[in-house]
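# Results of the structural survey
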Amino acid sequence: MPTTSSRRAAVTSAADRAPAAPRAKRDRSHYLYIAVIAAVAAGIVVGMVAPDFAVELRPIGTGFVNLIKMMISPIIFCTIVLGIGSVRKAAKVGAVGGIALGYFLTMSLVALGIGLIVGNLLEPGSGLAVTDAVREAGHAQVDAEAESTTEFLLGIIPATMVSAFTEGEVLQTLLIALLAGFALQAMGSAGQPVLRGIEHIQRLVFRILAMVMWAAPVGAFGAMAAVVGSAGVDALRDLAILMVGFYITCFLFVFIVLGALLKMIAGLNILSLFKYLGREFLLILSTSSSESALPRLIAKMEHLGISKPVVGITVPTGYSFNLDGTMIYMTMASLFIADAMGTPMSIGEQIPLLLFLLLASKGAAGVTGAGLATLAGGLQSHKPALVDGIGLIVGIDRFMSEARALTNFAGNAVATVLVGTWTKEIDRERVDQVLAGRLPFDEQTLLDDDHESPVETPEQKELAKA
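Here is a short report on the structure shown in this document. Since we're looking at a predicted model, the values are computed, not measured.

### A few points about the packing of aromatic side chains
A full pass over the atoms with the stated rule returns nine aromatic pairs. Between Phe251 and Phe255, the ring centres sit 4.6 Å apart and the planes meet at 40°, which makes this aromatic pair tilted. Of this pair, Phe251 and Phe255 both sit in helix H12 (residues 240-266), four residues apart, roughly one helical turn. By relative accessible area, which is 48% here, Phe251 ends up partly exposed. Look at Phe274 and Phe281: their rings are 5.0 Å apart centre to centre, the planes differ by 70°, and that puts the pair in the edge-to-face class. Accessibility expressed as a relative area gives 11% for Phe274, which makes it buried. Relative accessible area serves as the criterion here: at 15%, Phe281 is assigned to the buried category. Through a chain of ring-to-ring contacts, the aromatic side chains of Phe251, Phe255, Phe274, Phe281 and Phe409 assemble into a single cluster. One cation-aromatic arrangement involves Lys300 over Tyr276; the distance from NZ or CZ to the ring centre is 4.8 Å.

See below:
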C-alpha cells in the first residue's frame with residue numbers, strides 16, 4: 001500500500017511531466033507608440049532648428065505612408081469579399097451601401113454649411129496681400145489633368161482586374177471586391193474553398209501590416225520634420241487666424257455634431273470610441289494622412305463588434321465619399337482666398353461654388369495634399385480669378401492637413417458605428433466589452449484568434465453548419 005510520501009512524490013512527478021500552461025503574449029506595441037510620440041517631438045525640433053535639412057527628410061515620411069498604402073487594396077478586397085461572400089441575401093449588402101451613401105451626402109452638406117458659417121464670421125483673409133510669388137504658387141497647384149465628373153465615374157472601372165490592385169485606386173478595388181463577393185455568394189457551397197483561401201490571405205496581409213507598423217517612428221520623424229521645416233514659423237504666425245479657426249471648427253464638428261449623433265443613435269460616448277482608436281489618431285497626426293490608418297480602422301471596427309459587410313462597405317467608401325474635414329477646409333479656404341483677393345463672395349456666389357466643390361471632392365482620398373489639389377482644380381473650373389490666392393495657404397496646408405485627416409478619420413469611424421446600428425449589424429454587448437477594455441485588440445495579428453465576424457447573421461450561422 002503506497003505511503004503518503006510516495007503519493008506526494010507521484011503527484012509531484014506527474015505535475016513536472018505535465019505541459020506548462022502557455023504564457024500570454026506580452027503586448028509590446030505600446031512601446032512603438034511611445035516611440036512615435038518621441039519621434040514627432042524630435043521632428044518638430046529638427047524642423048525648427050535645421051529647416052533645410054528637415055525638408056530633405058521628406059522621403060522618409062513618404063516612404064512609410066507608401067508602405068501602408070500598398071496594403072490597402074488587398075485588405076479592402078479581402079474584407080469585402082469575406083463579408084459579402086458569407087451573406088446569403090444580396091439585398092442586405094445593397095441596403096448597407098444605400099444607407100451609407102445617404103449618410104455621407106448628408107454629413108458632407110452639414111460640414112459645408114458649418115464651414116460656410118464660420119468662414120463668414122471670421123473673415124480671416126482680410127488684409128493679406130497677394131504678390132507675384134503667391135500667384136505663381138497658386139497656379140502651380142492646379143492640375144492640368146483635372147477630371148470631370150464623367151471621367152471620375154469611368155475611372156472607377158479598372159483596365160483589368162489586376163490593375164485595380166497595382167494602381168492603388170480604392171474605388172476600383174471596391175468595385176472588383178463587390179463583384180467577387182457577389183459571385184462567391186451566388187456560388188454557394190462551391191465558393192467556400194475560395195473564401196477560406198481569401199481568409200488565409202487576409203491574415204497574411206494583416207500580419208505584414210503589423211510588421212510594417214514598427215517603422216512608424218522613423219516615418220513620423222521624417223514627415224513631421226519636413227512639415228515644420230518647409231512651412232516655417234513665419235507662415236504659422238501670419239496665417240494663425242485661419243489655422244486656429246479651422247482647427248476649432250473641426251473640433252466642434254467632431255465633438256458636438258458627430259458626438260451628438262453617436263450618443264443619440266448608438267448610445268455611445270464619442271470619447272470612449274476615440275480612446276479605443278487612440279493609436280490610429282496618433283498615426284494620422286504624425287503622417288498627415290488618414291489613409292495610413294485605414295487598414296487598422298477596418299480591423300478595429302470588426303473587432304469592436306460590427307459585421308464584416310458593414311465595415312467592408314462603409315469604411316472604404318467613406319474614404320472617398322465621407323470627407324467631412326475636407327469639406328470644412330474647402331469652404332473656409334475658399335472664403336479666405338476671396339477675402340484676401342479683395343473680392344469677397346456673396347452668399348449667392350458661395351453656395352454654387354461649394355456645391356461644385358462637394359462634387360469635385362468625391363474620390364479625393366485621404367492623402368496629404370489632396371484637399372489643396374481638389375480646391376485648386378475646383379476654383380480653376382468654377383471661379384478662375386481665385387486661383388491666384390491659393391498660394392497664400394500653400395505654406396500652411398500641411399498643418400491644416402493634420403486637422404483634415406483627423407476629422408475625416410473620425411467621421412468615418414462614427415459613420416461605421418451608425419450604419420451598423422441602423423442595419424442592426426452590431427453586437428452591442430461586445431461593443432461595451434471592447435470599449436471597457438475587457439476584450440483588447442490583438443496588435444500582433446490585427447485579427448481576432450477565432451477569425452470570425454464578430455456579428456453572425458442567421459445566414460452565416462447556417463452556412464457555418466453546412
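Moving on, there is more to tell.
### Section: the packing of helix H15 (residues 294-304) against helix H22 (residues 428-435)
When two helices pack together, their arrangement is given by the angle between the helix axes and the distance between those axes. Between H15 and H22, whose axes approach to 8 Å, the crossing angle comes to 115°. Mapping the contact onto sequence places Glu302, His303 and Leu304 in H15 and Arg430, Val431, Val434 and Leu435 in H22. Looking at the contact of H15 with H22 residue by residue, the class counts come to four nonpolar, one polar and two charged.

### Let's talk about the nonpolar core
Core analysis: the biggest nonpolar cluster contains 115 residues, and Met301 and Val417 have the highest contact counts within it. Leaving out residues up to four positions away in the same chain, Val417 has contacts with Leu262, Ala266, Leu268, Leu273, Met301, Leu304, Ile306 and Ile426.

### Comments concerning helix H10 (residues 192-212)
Taking 1.5 Å of rise per residue, 21 residues should cover 30 Å, and H10 covers 30 Å from first to last C-alpha, within 8% of that figure. Listing the buried residues of H10 in full gives Gln192, Leu195, Ile198, Glu199, Gln202, Val205, Phe206, Leu209, Ala210 and Val212. Taken end-on, H10 shows its buried residues confined to a sector of 150°, consistent with a single buried face. In H10, those exposed residues whose orientation departs by more than 90 degrees from the buried face are His200, Leu204 and Met211.

### Observations regarding the pattern of salt bridges
Proximity of charged atoms lets side chains of opposite charge pair with each other. Per the counting criterion, the structure on display carries four salt bridges. Here Arg296 makes a salt bridge to Glu280, at a shortest N to O gap of 2.5 Å. Remark: Glu280 occurs in helix H14 (residues 278-287) and Arg296 occurs in helix H15; sequence separation between them is 16 residues. Taken individually, Arg296 and Glu280 each receive the classification buried, so the pair is uniform in this respect. The partner of Lys300 in a salt bridge is Glu280, with the nearest N and O atoms 3.2 Å apart. One end of the pair, Lys300, is in helix H15; the other, Glu280, is in helix H14, and 20 residues separate them in sequence. Grouping residues by exposure puts Lys300 and Glu280 together as buried. What emerges from the salt-bridge pattern is a single network uniting Glu280, Arg296 and Lys300.

Thresholds, definitions, all that
Sequence order as written defines residue numbering, which begins from 1 separately in each chain. pLDDT decides what is reported in this predicted model: residues at 70 or higher carry local features, side-chain atom pairs at 80 or more are listed and counted, and totals for whole chains, interfaces and linings draw on all residues regardless. Note that the side-chain values use all heavy atoms of the structure and ignore hydrogens as well as water. Centre distance within 6.5 Å is the pairing criterion for rings of Phe, Tyr and Trp, where only the six-membered ring of Trp is used; planes under 30 degrees apart are then read as stacked, over 60 as edge-to-face, and the remainder as tilted. Comment: elements are numbered from the N terminus, with helices defined as DSSP H or I runs of at least four residues and strands as E runs of at least two. Only protein chains enter the calculation, and the probe is 1.4 Å; a residue is then buried if its accessible area is under 20% of its type maximum, exposed if over 50%, and partly exposed in between. Look at NZ for Lys and CZ for Arg. If either is within 6 Å of the ring centre and within 35 degrees of the ring normal, a charge sits over the ring. To get an axis, fit a line to the C-alpha atoms, keeping to the stretch in contact for a helix; angles then go from 0 to 180 degrees between the N-to-C directions. Any two residues whose heavy atoms approach within 4.5 Å at even a single point are treated as in contact. Under the grouping applied here, Gly and all other residues not named as nonpolar or charged are polar, the nonpolar ones being Ala, Val, Leu, Ile, Met, Phe, Trp, Tyr, Cys and Pro and the charged ones Asp, Glu, Lys and Arg. Take the buried residues of types Ala, Val, Leu, Ile, Met, Phe, Trp, Tyr and Cys, join any two whose side-chain atoms come within 4.5 Å, and each joined set is a nonpolar core. Expected helix span is given by 1.5 Å per residue-to-residue step, counting one fewer step than there are residues. What the arc covers is the set of directions going from the helix axis to the C-beta atoms. Every case where a carboxyl oxygen of Asp or Glu lies within 4 Å of a side-chain nitrogen of Lys or Arg is listed as a salt bridge.

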